Structure formats: C-alpha cells, structure tokens
Amino acid sequence: MARLWSQISSVLPPDEGKFPLQFSDSVDQSVVDVLRQCRQQLYTDRTTACRLLHAQIILDISWEKLNTGTWRDVDKEWRRVYSYGCLFKVAALCREESAEETIRQAVRTCDMGLLMGAAIMDDVLQALVRILNKELPKGSTEEAVRAKRVKLECASIPVIPENLSVPRINCPSLETFRRNYLLPLKPVVLEGIIDHWPALNEHPWSIEYLRSAAGCRTVPVEVGSRYTDESWSQTLLTVNEFIDRFILNKNEASSGGERDSGYLAQHQLFDQIPELKEDIRLPDYCCLGEGDEDDITVNAWFGPGGTVSPLHQDPQQNFLAQVVGSKYIRLYSPDDTDKLYPHPSPLLHNTSQVEVENPDGLRFPEFSRAPYLECVLRPGDVLFIPVQHWHYVRALELSFSVSFWWS
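Throughout what follows, the structure given in this document is the object of discussion. (Residues numbered from 1 in each chain as written. Predicted model: local features only at pLDDT ≥ 70, side-chain atom pairs only at ≥ 80, totals over all residues. Heavy atoms only, no water.)

### Re a nonpolar patch on the surface
Judged by side-chain polarity, Leu 53, Ile 57 and Ile 61 come together as a nonpolar surface patch covering roughly 220 Å² of accessible area. Tracing the sequence through the fold places Ile 61 in helix H3 (residues 48-66). (Patch = residues over 30% accessible without salt bridge, like charges linked within 9 Å, V, L, I, M, F, W, Y side chains within 5 Å. Areas by Shrake-Rupley, 256 points an atom, 1.4 Å probe, with all protein chains shown as cover. Salt bridge = Lys/Arg side-chain N within 4 Å of Asp/Glu carboxyl O. Helix = DSSP H or I, 4+ residues; strand = E, 2+ residues; numbered from the N terminus.)

So this is what it looks like as structure tokens:
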C-alpha cells in the first residue's frame, strides 16, 4: 500500500500550505471550514474513518446542491466543491488499504468527480484515476472469445437503391468539401479520412480492448429502446458492467422474455478517458468551422445491434465516424420539417414523432411524401450531417461511433 500511496501523494501538493482551497461567497463558510479540515487531515496523522467521514460530509452537501433545479443553473463553485470531496475520499480510501474492491471504489469516486464536478488542481482527478487504473486486473481470455462471437452476430445489411444513396467521395480536398458539401449543406460519406486512426489500426476497438482501457470506469448509460419512450431511463455503470449486461447479454430477461437495451450514447467519453482519446483524431475538415478546436464536442456512441436514435436534428454540423460495426442512417432535409411531425413538447421539439421504419400513415400522412437519402456506415466511413438535417440511426450490429459537433 505504501507504493500506491506514494504514487498518489506525488500528484498532490507537498504540504498543506500549497494546497489551494479558494471559493466564492456562494459556498457556505461552514462547508469551507469542513474542506479545510479535510485538507489538514490529508497531511496529519488521522484515522481512515475520520478522513472518510469528513469527505462524505462534503460529498453529501454538494450532491444536494448539484441536484437542486436544472443542471445549467448549478453554480460551478459547487461542482468544484464536489470534486474536492471526491479527491479527499480517494485519498482516504487509498491511504491504508490496497484491496481490489477499495481501488475500484476509488476509481468510481474519481469518475463521479469527472462526470459531475469541475476540474480542480490541474485536473488532479484525471491523474489519480490513471494511477489507480493501473492497479486493476484486465479482461480474461474467455471473455475475449465470447466478445468475438458477439461481433460475428451481424444483422442483414439493407440494400440501398442508387437514387436514394448518400453520395460518397474519397479524401476530398478541403476546398472541394467546402464548395460542394459544406456551403450547400449536402450530406456526404467521406472515405479514407480516418484510416490512420489508432482505433482502426494499432489499437482496434474490440470489446477486450475497451475492457482493458476503460473497463472499471463509470459512465452514463441510456436504458430503453429510444429516448422518446416513457420507459426510457439513465443509469451509471462501469464499462465492464455495461458490456456484461447489454453486449454479452448476461442480464436476466424480463418475465415476457425481453431484455432491456442499453446504449452508451452522446457521452464525452474522451474527455473522461484520455487513453481512448489518443486513439482518434479530429477530422481535418473541422478547421473550416468558425470556432476553436476546444469548441468541438466529441461524443461516443457504443452499443449492441438494434440501438436506435430516433429521427432528430442537431444545431451544429456533425461528422459521424464509424469505428466498429455498421449503422443504417436515413437523412431528411430541414426544408421538409413540416412533413416530419416534430414533437410539440419544447423538450423534444428537435425530434420527430414518426417511427421511421414503421410509420403510422394515418397519424402522419405527409411523412411518406418527404424525400430522403440513406446509407450504411461501415468502419472507416465518416458521414457529414449538415446542421439541422434530420437523421435517424439504427445499429445493425455491435457498434462504436464517434461524433464531432462543430460550428
């Protein structure tokens, strides 16, 4: 344990005087006083129980603040307080005990800070989770065999008529892409532009690789066939738990014989787990946007065959890069929005009420008159989805995609 604590303490300030704890007046003085106690205990001889108690007080108080009102109205200072609570809890957990379950709890605590908190002390939680992750065992050979078998279970690939097919082009120049597709806002499948990604070469994103790189990391998972369903919900699972339950189908079926579907969707996984970020690259064409590189939102989409994103539109340009498996995608122009029946609810105004592959012609008679394009994305393909273009996505098999939203 001395070795692990030595590594952890090496990324912390050397003494209490160099440990920053500055907050605005929005944080109660009583909370700041407890934070200072936690800091003092970090550098003095106290019991683990005492350190854990004070860390948990900080976490409980700040958690209540994070869950009051809407997320956008949460004061960032309270997110910072929550991150400090996670830091102090990790330090308390790893000070004396090195059991595997304790380290897993510490990793989960770091992830909760990364997901719900705000960056503190040069992103110290990222540094801690890298240290802790190296202490945990990786996946087994038996699991690798099961994962390969799952990957082979591929649904039939739709045949796309030529007149409905999204055009394809191989490695166009920046000017060609800008002139022919970006300015006129025309969808296109770009081929050959991500062949150099390590995720497709040196580190192919197999289930066993994802377990090895991120298995014990906690991520948000959507549970349910689509986010418009009443039964849809979200939960927090480790990547290993997600793979076991929803990819390898180790979870029990319901009384009706059906299994829940799960989707790691629209999550900024690569900010949380930089090791995976090293396996991808920003498409060069993003430089044609107006913002900086930091303004590009990179999301992960990982799930089994059958996961669906209902017909919807986004307020930014989108490159959807396919890394693992294949997806069927259908696109509609924003000019035909009146035929696509957006939800009247302000919360879902960017989502159609129509089930694209099983439309109700009586409720939505104009839908069949809306022209569309479609395609099947395979590993190495990148689909340009112009801003406000409606798109429907269905995974045909185990799939991992990366989206880049840019202005």
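### So, the sheet that holds strand E9 (residues 327-332)
The antiparallel open sheet is built from four strands, whose spatial order is E7-E12-E9-E10. A strand with exactly one partner marks an edge of an open sheet, and here the two such strands are strand E7 (308-312) and strand E10 (373-377). Looking at each pair of strands side by side, their axes are set apart by 15° on average, direction ignored. Where E9 meets strand E12 (residues 390-395), six bridges bridge the pair, whose relative direction is antiparallel. By the bridge assignment, Tyr 332 is partnered in E12 with Trp 390. (Pairing = 2+ DSSP bridges. Axes fitted to C-alpha atoms, helices over the stretch in contact; angles between N-to-C directions.)

### A closer look at the nonpolar core
Formed by 47 residues in total, the largest nonpolar core has its most connected members in Trp 205, Phe 319, Phe 400, Val 402 and Phe 404. For this core, the element with the most residues is helix H10 (residues 239-247), which contributes five residues. With residues near it in sequence (within four places) discarded, Phe 400 still touches Trp 205, Leu 210, Leu 269, Phe 270, Ala 300, Trp 301, Phe 302, Ala 321, Gln 322, Val 323 and Val 324. Core analysis: the second largest hydrophobic core is formed by 46 residues, Tyr 82, Cys 86, Ile 103 and Met 112 among them. (Core = buried A, V, L, I, M, F, W, Y, C linked by side-chain atoms within 4.5 Å. Buried < 20%, exposed > 50% of the residue type's maximum accessible area, 1.4 Å probe, protein only. Contact = heavy atoms within 4.5 Å.)

### Brief notes about the packing of helix H4 (residues 76-94) against helix H5 (residues 100-116)
For the pair H4 and H5, the least separation of the axes is 9 Å and the interaxial angle reads 170°. Classified by the angle their axes make, H4 and H5 are roughly antiparallel. Counting all contacts with H4, which are made through Arg 79, Tyr 82, Ser 83, Cys 86, Lys 89, Val 90, Leu 93 and Cys 94, the residues of H5 involved are Thr 102, Gln 105, Ala 106, Thr 109, Cys 110, Met 112, Gly 113 and Met 116. (Parallel < 35°, antiparallel > 145°, perpendicular 65-115°, else oblique.)

### A look at the side chain of Asp 336
Of note, Asp 336 is situated in the loop between E9 and E10. For Asp 336, a relative accessible area of 12% gives the class buried. Once you skip the residues sitting within four places of it in the chain, Asp 336 turns out to touch Ala 370 and Pro 371.

### Some words on the pattern of salt bridges
Evaluated as defined, the whole model comprises 15 salt bridges. Note that Arg 217 and Asp 111 form a salt bridge whose closest N and O atoms lie 2.6 Å from each other. Of the two residues, Arg 217 is situated in the loop between helix H9 (207-214) and strand E3 (218-223) and Asp 111 in helix H5; the sequence distance between them amounts to 106 residues. Across the pair, exposure class does not vary: Arg 217 and Asp 111 are buried alike. For Arg 168, the salt bridge is made with Glu 191, and the minimal N-O distance between the two is 2.8 Å. Of the two residues, Arg 168 is situated in strand E1 (residues 168-170) and Glu 191 in strand E2 (residues 188-191); the sequence distance between them amounts to 23 residues. Given a relative accessible area of 26%, Glu 191 falls into the partly exposed group.

### Some thoughts on the pairing of E7
Across the five residues that make up E7, a large majority, five, are buried. Relative to E12, E7 runs antiparallel, the two sharing three bridges. Across the sheet, residue Ser 309 finds its bridge partner in E12, namely Val 393.

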